[in-house]
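Observations on chain architecture
One-letter residues, chain by chain:
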Number of protein chains: 2
Amino acid sequence: MAKTAEPPERREKQDTRRAILDIAQELFAAQGYAGTSVADITSRLGMSKAALYYHFSSKTEILRALLQEPIAAYARLAEDAAGPLGTRELLASVIDTTVDLRALIDVIGNDPSAQSALQDLIPRSREINEAITAALAGPQPDPARIIRAHAAYAAAKNGTLALLAAHGGRLSRLDRTELLAAAERALTSTDSPSAS
Amino acid sequence: MAKTAEPPERREKQDTRRAILDIAQELFAAQGYAGTSVADITSRLGMSKAALYYHFSSKTEILRALLQEPIAAYARLAEDAAGPLGTRELLASVIDTTVDLRALIDVIGNDPSAQSALQDLIPRSREINEAITAALAGPQPDPARIIRAHAAYAAAKNGTLALLAAHGGRLSRLDRTELLAAAERALTSTDSPSAS
DNA sequence: GTCTATAAGACGATAGAC
DNA sequence: GTCTATCGTCTTATAGAC
């Protein structure tokens, strides 16, 4: 009991850090990164700006901490795409990853000011999108198949975001099943079945 | 010849106004609305901030002028959705409208700071999305059909944006044809053809 | 129609006390 | 770990000359 107990100060420090990140995420999504001031964040928490700067050395570092997990998750998605995964499994992975990261995708994917603030970390998102659509298109794809890959990816990713927004943040099993089937149909032309 | 000639001063004023809007659109898309200062815009044009404020009374009004056309175009799309249009024609209309407004959709649809700056004009975009997906779902739709409507709308709209980005801003006829077919397949389930 | 100069305040970030 | 007070800069917007 003595060894497993954590020092209480450590605990509080981590909690405050988490609280800052939670509020920052909410405000960045609502007003944008550039549109949210450090004072906006601290006033919501009832603390001073100086207190926040004890936990984060800059506003940019808050954004960096928020985007660390999503960027890693998307990198995993790109690795999946490069692997031996079938198109159905890949599209399902796109849907599931999008669900997990919905709140942060509002920041990472939608806010130009966040992207220009993290120029070193973000450029990968474009590469990842290309890797996924390339994997969906398959080897030696004809132009039409590339177009269908973009359509299927958009149906999976943005369809998921739209349904999450419409259904109050939860994706039902029916949502997932129908969305996946629709994305697969978008990918597969009727006159060239192209079995995966 | 005397009556048709326009006063040259009027002409220059309109030209300067257009130049401001063009640069503002480019910078808002790249850095976000909140992330772009009035000085950023005027320095690109080689003019003073005061000169800009002769043409626009505030930074918000520049944004409002930029979004006026896109909002009207989307409103027209919502009217089309309410009319007797078939689902194929509606999806084609979504693709064509997205192409026309691609540069501004980067602002209207992607930037949280722009949306929070124009709270009175923007809330309609959510209603319009709902009107389009409702029209795609048809009368008395079952839950699965509503999901497919979201998938088809995402394929048409975001698929168009992805292809525009990948193909350097132009949508070929093949792009349009394949995208439309893919969106239609996403909408129509194999075991319930649901003729429109 | 455009300029210089400046007002008035918000911004990110720090110093130093407790 | 949090505070008050403040620094220096950037911001939107205006005044007044040309």
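The preceding data block contains the structure.
Below you will find a few notes about this structure.

Calculation rules
Residues numbered from 1 in each chain as written. Chains lettered and ligands numbered in written order. Predicted model: local features only at pLDDT ≥ 70, side-chain atom pairs only at ≥ 80, totals over all residues. Heavy atoms only, no water. Near = heavy atom within 4 Å. Polar contact = N/O pair within 3.5 Å; in protein donor to acceptor, adjacent residues only side chain to side chain. Helix = DSSP H or I, 4+ residues; strand = E, 2+ residues; numbered from the N terminus. Nonpolar A, V, L, I, M, F, W, Y, C, P; charged D, E, K, R; others polar. Least-squares fit on C-alpha atoms with pLDDT ≥ 70 in both. Contact = heavy atoms within 4.5 Å. Buried area = accessible area lost by both parts, 1.4 Å probe. Salt bridge = Lys/Arg side-chain N within 4 Å of Asp/Glu carboxyl O. Buried < 20%, exposed > 50% of the residue type's maximum accessible area, 1.4 Å probe, protein only. Axes fitted to C-alpha atoms, helices over the stretch in contact; angles between N-to-C directions. Parallel < 35°, antiparallel > 145°, perpendicular 65-115°, else oblique. Left-handed = near helix turned anticlockwise from the far one by under 90°. Core = buried A, V, L, I, M, F, W, Y, C linked by side-chain atoms within 4.5 Å. Arc of directions from axis to C-beta.

Our next topic: the protein's contact with DNA strand C. Inspection of the region around DNA strand C gives 18 residues, with Y53 and K59 of chain A together with K13, S48 and H55 of chain B positioned closest. At the protein interface, 61% of the atoms of DNA strand C within 4 Å belong to sugar or phosphate. Within the backbone of V38 of chain A, an N or O atom sits 2.9 Å from a phosphate oxygen of DNA strand C. A distance of 2.8 Å is found between a phosphate oxygen of DNA strand C and a backbone nitrogen or oxygen belonging to K59 of chain A. Only α3 (49-55) of chain A together with α1 (8-31) and α3 (49-55) of chain B provide two or more residues apiece to the surface near DNA strand C. A per-element tally of the surface near DNA strand C places α3 of chain B first, with four residues. Here the residues of the surface near DNA strand C are counted per class, giving seven nonpolar, seven polar and four charged.

Mapping chain A onto chain B calls for a rotation angle of 179 degrees and an axial translation of 0.0 Å; the resulting RMSD is 0.1 Å. Taken together, the rotation and translation describe the operation of a two-fold axis.

Below, the discussion takes up the interface of chain A and chain B. Between chain A and chain B, the residue contacts involve 37 residues of the former and 37 residues of the latter. Of the roughly 2700 Å² buried between chain A and chain B on both sides combined, carbon and sulfur atoms contribute 68%. Its largest share of buried area at the contact with chain B, chain A owes to P112, I147 and R185 of chain A, together 23% of the area lost on that side. Taken together, chain A and chain B are joined by two salt bridges. A salt bridge links E178 of chain B to R148 of chain A; its shortest N-O distance comes to 3.3 Å. Linking chain A with chain B are eight residue pairs in polar contact (both at pLDDT 80 or more). Elements that contribute at least two residues to the side of chain A that touches chain B include exactly α1 (8-31), α7 (112-117), α9 (143-166) and α10 (173-187) of chain A. Per-element accounting of the side of chain A that touches chain B gives the leading share, 14 residues, to α9 of chain A. Class assignment for the residues of the side of chain A that touches chain B results in 19 nonpolar, twelve polar and six charged.

Our next topic: the pattern of salt bridges. Note that side chains of opposite charge can pair when their charged atoms are close. Residue and element names in this part refer to chain A. Counted by the stated rule, this structure contains eleven salt bridges over all chains. In this structure, E184 engages R88 in a salt bridge whose closest nitrogen and oxygen atoms are separated by 3.1 Å. Taken together, the residues span a long stretch of sequence, with E184 in helix α10 and R88 in helix α5 (residues 87-100) at a distance of 96 residues. In this structure R88 comes out as partly exposed when scored by relative accessible area, which is 44%.

As a further point, take the packing of helix α5 (residues 87-100) of chain B against helix α8 (residues 124-137) of chain B. Residue and element names in this part refer to chain B. Where α5 meets α8, the axes come as close as 9 Å, and the angle between the chain directions of the two elements is 150 degrees. The angle between α5 and α8 falls in the class roughly antiparallel. Regarding α5 and α8, the two cross each other, and that crossing is left-handed. Touching T87, L90, L91 and V94 of α5 are I132, A135 and L136, all from α8. Grouping the constituent residues of the contact of α5 with α8 by class yields six nonpolar, one polar and no charged.

Glancing now at the packing of helix α4 (residues 59-82) of chain B against α8 of chain B. Residue and element names in this part refer to chain B. Contact geometry for α4 and α8: axes closest at 9 Å, N-to-C directions at 30 degrees. With respect to their mutual orientation, α4 and α8 come out roughly parallel. Seen from above, α4 lies across α8 with left-handed handedness. The segment α4 lies against α8, with Y74, A75, L77, A78 and A81 engaging I128, A131, I132 and A135.

Moving on: unusual backbone geometry. Residue and element names in this part refer to chain A. Its identity is not glycine, yet Q140 carries a phi of approximately 45 degrees, on the positive side. When you line up the elements, Q140 lands in the loop between α8 (124-137) and α9. For Q140, a relative accessible area of 80% translates into the label exposed.

A word on the nonpolar core. Within the largest apolar cluster, 109 residues are counted, with the highest numbers of intra-cluster contacts made by F28 and I132 of chain A together with F28 and I132 of chain B. Filtering out sequence-adjacent residues up to four positions away, F28 of chain A remains in contact with Y33, T36, I41, I62, L63, L66 and V107 of chain A together with P112 of chain B.

Glancing now at helix α2 (residues 38-45) of chain B. Residues and elements named next belong to chain B. Among the residues making up α2, those that are buried are V38, I41 and T42. Taken end-on, α2 shows its buried residues confined to a sector of 90 degrees, consistent with a single buried face. One or two residues past the end of α2 sits G46, with phi positive at roughly 70 degrees.

DNA strand D sits among 18 residues. The nearest are K13, S48, Y54 and H55 of chain A together with K59 of chain B. In DNA strand D, atoms within 4 Å of the protein come 60% from sugar and phosphate. In the model, a phosphate oxygen of DNA strand D is placed 2.9 Å from a nitrogen or oxygen of the Y53 of chain B side chain. One nitrogen or oxygen atom from the main chain of K59 of chain B is found 2.9 Å from a phosphate oxygen belonging to DNA strand D. Elements with a contribution of two residues or more to the surface near DNA strand D: α1 and α3 of chain A together with α3 of chain B. The element that contributes the greatest number of residues to the surface near DNA strand D is α3 of chain A, accounting for four residues. Classifying every residue of the surface near DNA strand D by side-chain character gives seven nonpolar, seven polar and four charged.

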